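# Coordinate analysis (summary)
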Amino acid sequence: LVRLKRVHRAADDPIFWRSALIERIERLASHAIKSGWPVIIESCFLDRACRQRFRSKAAELGAPFAILECSAPLSAIRERLNKRRAFGSLFHGVDAGADDVQKRLQAQIEGIESLDEYERASTITIDTTKPVDYPKLADWVLELSRRPY
């Protein structure tokens, strides 16, 4: 998990914050891959340009790239967010009211750029309301590691 400290007022700008976070994650992932470590980057990656940025970096480094898409019905997502909010585990400890949570969820929904056909070719989708088929997931990961970059 990578967290950045806000060091000045510009960090209150969400575009600045997101860009700084993505750059930091990319640098850390690159360093780890160059050191021989496998890397999993956990992020929403709602926009195609960001997904493409990491796909390109993986290709540049000769590392496999895949997308693990976690899906659930919107009603299940809302229920989970409300439970997390009740325990104070949303937004890195920042207190958030129910309305704020729903506004942020709606903003994410509106900002999603769906996976295109090219991305779908290297995507596995997991319905998070059902048990995970771990053998199938492991087979998919092994198959991925054998693909040419």
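### Digging into the side chain of S30
Tracing the chain through its elements places S30 in helix α1 (residues 14-34). For S30, the contacting residues outside a window of four places in its chain are K57 and L61.

### Thoughts on the nonpolar core
Grouped together as the largest cluster of nonpolar side chains are 11 residues: L21, I22, I25, F45, C50, F54, A58, A63, F65, I67 and L115. Listing elements by their share of this core, those giving two or more residues are α1 and α2 (48-61). Every residue in contact with F54, bar those within four places of it in the chain, is listed here: I22, I25, E26, I41, F45 and F65.

### Digging into unusual backbone geometry
Glycine aside, residues mostly have negative phi angles, and peptide bonds mostly take the trans form. The residue F45 is not glycine, and still its phi comes out positive at about 45°. Checked against the element boundaries, F45 lands in the loop between α1 and α2. Overall, the relative accessible area of 14% leaves F45 in the buried class.

### Some details on the confidence of the model for the protein chain
Predicted confidence across the protein chain gives a mean pLDDT of 83, with 83% of residues reaching 70 or more. Mean pLDDT across the elements of the protein chain bottoms out in helix α6 (residues 134-146) (84) and peaks in α2 (93).

### With respect to the environment of E110
Mapped onto the elements of the fold, E110 is located in helix α4 (residues 98-111). Given a relative accessible area of 61%, E110 falls into the exposed group. When the C-alpha positions of E110 and L46 are compared, they lie 9.7 Å apart, and in sequence the two are 64 residues distant.

### Structural notes on the packing of aromatic side chains
Each aromatic ring pair is specified by the distance between its two centres and by the angle formed by the two planes. One pass over the structure, following the stated rule, counts one aromatic pair. Centre to centre, the rings of F45 and F54 are 5.1 Å apart; their planes meet at 65°, and the pair counts as edge-to-face. Judged on exposure class, the residue F45 and its partner F54 are both buried.

### Brief notes about a nonpolar patch on the surface
A grouping of L74, I109 and I112 is seen on the molecular surface, where their side chains present a nonpolar patch of about 230 Å² in accessible area. Along the chain, I112 turns up in the loop between α4 and α5 (117-120). Classification of I112 by relative accessible area gives partly exposed; the value is 45%.

### Re the environment of T128
For T128, the location among the structural elements is in the loop between β2 (123-127) and α6. Residue class for T128 comes out partly exposed when judged on its relative accessible area of 31%. Those residues within four positions of T128 in sequence are excluded, and the remaining contacts are C70, S71, A72 and R80. Within polar-contact distance, the side chain of T128 engages the side chain of R80 at 2.7 Å.

Cut-offs used in this document
Residues numbered from 1 in each chain as written. Predicted model: local features only at pLDDT ≥ 70, side-chain atom pairs only at ≥ 80, totals over all residues. Heavy atoms only, no water. Helix = DSSP H or I, 4+ residues; strand = E, 2+ residues; numbered from the N terminus. Contact = heavy atoms within 4.5 Å. Core = buried A, V, L, I, M, F, W, Y, C linked by side-chain atoms within 4.5 Å. Buried < 20%, exposed > 50% of the residue type's maximum accessible area, 1.4 Å probe, protein only. pLDDT = per-residue confidence, 0-100. Phe/Tyr/Trp six-rings, centres within 6.5 Å; stacked < 30°, edge-to-face > 60°. Patch = residues over 30% accessible without salt bridge, like charges linked within 9 Å, V, L, I, M, F, W, Y side chains within 5 Å. Areas by Shrake-Rupley, 256 points an atom, 1.4 Å probe, with all protein chains shown as cover. Salt bridge = Lys/Arg side-chain N within 4 Å of Asp/Glu carboxyl O. Polar contact = N/O pair within 3.5 Å; in protein donor to acceptor, adjacent residues only side chain to side chain.

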